[in-house]
Structures are given as structure tokens and as C-alpha cells.
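# Examination of the molecular architecture
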Amino acid sequence: MHHIMIFLDGIGLGQNNPERNPFAIIDAPTLHSLSGGHRWLADTPRIESDRAIFIPTDAHFGIEGRPQSATGHAVILTGRNVPAEIGKHYGPKPTPEIRAILDEDNLFKRVVQSGKSATLITPYPPQFFAGINSGRRLPSSIQYAVLSAGLTLRTEDDYYARKAISPDFTGIGWTTFLGYHDAPTYSPQAAGHQLATIARQQHLTFFSTWISDEIGHRGPMARGVEFMETFDGFMQGLLDNWNDNDGLIVIFSDHGNLEVQGDRRHSENKVPTVVIGEQRHDFASGYRSLLDITPAMSRIMGL
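These lines cover the structure that appears in this document, whether it is placed above or below. (Residues numbered from 1 in each chain as written. Predicted model: local features only at pLDDT ≥ 70, side-chain atom pairs only at ≥ 80, totals over all residues. Heavy atoms only, no water.)

To continue, consider the pairing of strand β3 (residues 52–57). Of all six residues in β3, six are buried; the element is thus mostly enclosed. Across the two faces of β3 the burial is the same, with Ala52, Phe54 and Pro56 and Ile53, Ile55 and Thr57 all buried. Taken together, the two bridges between strand β2 (residues 47–48) and β3 define a ladder with antiparallel strand orientation. Across the sheet, residue Ile47 finds its bridge partner in β3, namely Phe54. Here β3 runs beside strand β9 (residues 271–276); their pairing, made up of six bridges, is antiparallel. (Buried < 20%, exposed > 50% of the residue type's maximum accessible area, 1.4 Å probe, protein only. Helix = DSSP H or I, 4+ residues; strand = E, 2+ residues; numbered from the N terminus. Pairing = 2+ DSSP bridges.)

Sheet architecture is open: seven strands sit in the order β2-β3-β9-β8-β1-β7-β4, paired in mixed fashion. Looking at the sheet topology across the chains shown, the edges are occupied by β2 and β4 (118–120). Where helix α14 (residues 293–301) meets the sheet, it contacts β1 (3–8), β7 (204–209) and β8 (249–252), and its direction lies at approximately 165° from that of β1. (Contact = heavy atoms within 4.5 Å. Axes fitted to C-alpha atoms, helices over the stretch in contact; angles between N-to-C directions.)

Below, the discussion takes up the packing of helix α2 (residues 69–78) against helix α7 (residues 141–148). It is at 8 Å that the axes of α2 and α7 come closest, and there the two elements cross at 45°. Relative to α7, α2 is oriented oblique. Across from Ala70, His73, Ala74 and Leu77 in α2, the residues of α7 making contact are Ser141, Ile142 and Ala145. Grouping the constituent residues of the contact of α2 with α7 by class yields five nonpolar, two polar and no charged. (Parallel < 35°, antiparallel > 145°, perpendicular 65-115°, else oblique. Nonpolar A, V, L, I, M, F, W, Y, C, P; charged D, E, K, R; others polar.)

Glancing now at the environment of Leu178. You can see Leu178 is positioned in the loop between α9 (172–175) and α10 (188–199). On a C-alpha basis, the gap between Leu178 and Gly65 in space is 35 Å, while along the polypeptide they are 113 residues apart. Among all residues touching Leu178, those that are not within four sequence positions of it are Pro125, Gln127 and Gly173.

Encoded structure:
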């Protein structure tokens, strides 16, 4: 079996406000089909469609304050209430205490130790690695967990070899912001199709994008709409090239942000989890919180 985890940083379930919430107005037939025809909003219940289970998910863990990325990522990858352990939500990058928790155990480590394969499929340019190697940049909790498991992060060479998926899905960022004018670019549907092809080479493929959180902090609203509609096309291409018995596809986030345009702060809203595939009922059994992701995936993969 081959499983895909799709992490969209900073998307929550907000109010049905077309002036502030991109999810209130996006044209997203694929995403809405996964939630039984409903928009991804605060009043959308846990619901099952023909192919998926949509689960409003707690990202707060009973800890006062606004959820943050470093602790949220660590919760997702360990199943431990990291904010409770360190006494607060914290981010964006992990402290030595959070890194020590990830060193003890994380989902990537579990997969590797069981003899299975895993990868973070998001590629990073040379300047990212230069920053990490010089100490000027700290890896995120997700990146750190990958490295702690003895795995490598994907590079520009992997992207050119079509073995990685850009965090903007289409690769336009590589040709514009990064200046790689000959880098591969895709339609959203073709990018999703490519993810399915690559994912069949691993037991666990983890895709991560920070762009949704950046838009939440900076806006504008129109960019949030465009990004989520691009993601809708991406999911259409992925699902067209994926059978339910191939393995699970799990879409999730760490905290709200994008759904409250104009605030620039993380929200305390619940976040969406969408579970697609033949084993979705097993994964979703008892699932209520981001604390449940790694235990559920470990159970599905027999770790």
C-alpha cells in the first residue's frame, strides 16, 4: 500500500463570510465533493461522501492561546500533546525542547524503523540548504522530523527530474520567484496526476506547503481564492490517477489562518481533515484531534 499525506499550513474552518473567508466563495467542485457537497466552513459537520470522510478537527489541545506551527507540526508527527509538554503553543520554528521530542519519536522514524520507505516530496532550492548549513535558518518541525529519521530533503535536482512537487502545485514559483526559467511547470491537474505517479514508489509520501499560511498572514483575499482553486484542480488530477485501494490520501492542517483574511494572526478555529481511500473508516475511527494523525497512520501502516 502507498499512502499520501497532504499538509496545507494554516487553513481553518471559518465563518461563511464572503468578504473575509476564501472558502466561502471558491469554485472548488472536487473539494466540495469530498465533504458531501458542503463548503469547508465552521458549521460543516463530520460527514461522509462517496469516497471520503470530512472531519472538523481540534488543533487547540486544551492549551490557552493561538495554535502555532512548530508545536502543531510536532503534535501531528508524534501524537503527543507538545504544547502541554512545553507549556504553550510555539512557532514558527522548533525550539531545542521540541526538536528533542521529535528526536525521540516521529512518524518518519516509525516508517523507517519498520523497514518501509517515506519521503517529504516538497523540493527546496540551494539557498534553503545554504541557510540551514550556515545556521542562519532553522528547519521547520516537519523538515527536522525528516532529517531526524535519517532521510534527505528533496532538492532542485529532484524537481527537475520530476520526482518532487512544488509547494505551489504548478511550479510557477520556480520559474518566477526563484528564477529557474527552464524548470518544469504543470497545470494543477497534471501536478496532481504526477503526485500519484511518484507516490507509488514509496510507502508514505508527505507533501507540505507553507503558501496557504503565508496568504493568511499577508493576503490578499483574491490570492487565497486562487490558491485554493488551484488546489482543487490539483486534487482532481490526483484523484483521477488514484484508486481507493491504492492507499489513503489524508488532507490536513495545523491551525487556522487563511479563512480569516485581514486578521494576519492564526485563528483558534478547528481545521479540516479529509480521509480518502478504502481504509478511511479505520483511519477515522475515534479521530477528533490532530493528536490522532500519527496513531491512525501508524495503525494503518502496521508500524
